[in-house]
Amino acid sequence: MTTSDGTVDDVARTVPPVAAVARPRPPVLRGQGPAVAVIALGGAVGAVARYAAGLAWTDGPSAFPWTTLLINVVGCAVIGVFLVAITEGRPAHPLLRPFFGTGVLGGFTTFSTYAVDIRRLIGADRLGPGLAYLGLTLAGALLAVWTAAVVTRRLIHRGAREGGGA
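Attention here is on the structure that accompanies the text. These figures come from a predicted structure and were not determined experimentally.

1. Here we look at helix α7 (residues 127-163)
In this model α7 runs 53 Å from its N-terminal to its C-terminal C-alpha over 37 residues, within 8% of the 54 Å that 1.5 Å per residue would give. Those residues of α7 not exposed but buried are Gly130, Tyr133, Thr137, Gly140, Ala141, Ala144, Ala148, Ala149, Val150, Thr152 and Ile156. Those residues of α7 hidden inside the fold are in contact with α4 (66-88) and α6 (111-123).

2. Digging into the packing of aromatic side chains
In the structure shown here, the tally under the stated rule is five aromatic pairs. When the ring of Phe64 is compared with that of Trp66, the centres are 4.5 Å apart and the planes differ by 50°; the resulting orientation is tilted. Measuring from ring centre to ring centre gives 5.4 Å for Tyr114 and Tyr133, while their planes differ by 65°; the resulting arrangement is edge-to-face. Within this pair, whereas Tyr114 is found in helix α6, its partner Tyr133 is found in helix α7, the two being separated by 19 residues in sequence.

3. Brief notes about the nonpolar core
By size, the foremost hydrophobic cluster in this structure holds six residues: Phe64, Leu69, Tyr114, Ile118, Leu121 and Tyr133. Looking at which element gives the most residues to this core, the answer is α6, with three residues.

4. Thoughts on a nonpolar patch on the surface
Together, Trp57, Trp66, Leu70, Val74, Val78 and Leu136 make up an exposed nonpolar region whose accessible area comes to about 530 Å². It is α4 that provides the largest number of residues to the nonpolar patch, a total of four residues. Assignment of secondary structure puts Trp66 in helix α4.

5. A closer look at α6
With 13 residues, α6 should reach 18 Å at 1.5 Å per residue; the first-to-last C-alpha distance of 18 Å fits that figure. Along α6, the residues that are buried comprise Tyr114, Asp117, Ile118 and Leu121. Buried positions in α6, seen along its axis, are confined to an arc of 100° and lie on one side of it. Away from its buried face by more than 90 degrees, α6 exposes Ser112, Val116, Arg119 and Gly123.

6. Comments concerning unusual backbone geometry
Residues other than glycine seldom take positive phi values, yet Asp125 does so here, at roughly 55°. Structurally, Asp125 is set in the loop between α6 and α7. Take Asp125: its relative accessible area is 71%, and that puts it in the exposed class.

Calculation notes
- Sequence order as written defines the numbering, with residues in each chain counted from 1.
- Reporting of local features is limited, given that this is a predicted model, to residues whose pLDDT is at least 70; pairs of side-chain atoms are given and counted only at 80 or more, and all residues count toward the totals for whole chains, interfaces and linings.
- Water and hydrogen atoms play no part in the side-chain values, which are based on all heavy atoms of the structure.
- Helix numbering and strand numbering both begin at the N terminus, where a helix is a DSSP run of H or I of at least 4 residues and a strand a DSSP run of E of at least 2.
- Under the convention used throughout, the expected extent of a helix is 1.5 Å for every residue step, that is, one less than its residue count.
- Relative accessible area decides the class of each residue, using a 1.4 Å probe on protein chains only: under 20% of the type maximum gives buried, over 50% gives exposed, and in between gives partly exposed.
- Any two residues having at least one pair of non-hydrogen atoms within 4.5 Å are treated as being in contact.
- Here is the rule: rings of Phe, Tyr and Trp (six-membered ring for Trp) pair when centre to centre is within 6.5 Å. Planes less than 30 degrees apart are stacked, more than 60 are edge-to-face, and the remainder are tilted.
- For this analysis, a nonpolar core means a set of buried residues of the types Ala, Val, Leu, Ile, Met, Phe, Trp, Tyr and Cys, connected via side-chain atoms within 4.5 Å.
- What makes a patch is a set of residues exposed beyond 30% relative accessible area and free of salt bridges, joined within 9 Å when like-charged and within 5 Å when nonpolar (Val, Leu, Ile, Met, Phe, Trp, Tyr).
- Using a 1.4 Å probe, the Shrake-Rupley method yields the accessible areas, and only the shown protein chains count as cover for residues.
- A carboxyl oxygen of Asp or Glu within 4 Å of a side-chain nitrogen of Lys or Arg is what we treat as a salt bridge.
- An arc is given here, and it is the one of the directions from the helix axis to the C-beta atoms.

By themselves, these figures tell us nothing about what the structure is for.
Structure below.
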């Protein structure tokens, strides 16, 4: 940096310009591109599955949102099974976890709809059902993922003891 009298101060001599320390970014296809692509594909698959479940079992506009509750609890149970299976079971392709865990199950479970449903119930002066839905979904989702993980872990480890490998 130049001072008011035209001389260069000591800080400017010791600090390299920003461009000198910047590193080039790797091309997208060698970086996160494949993971982003499989997450997008899996998200589309999960969202279609969620939409199909909503068509198969519809809740009326003033009804308790049982479909969304069931979708979220089932999705959390599948997450528990899946994550234990790929981390403690057989080795999986590196893109399987982002495709299925983040994409499919992220698109299938619908916690944004959960929040909208709570707001809808409370806005319709149905505070009791709204709070019940809030608690049931939270407790159901946590219990489902925990139970599924514990059961899957026990099955994998029992199979490894009995069969000589996972």
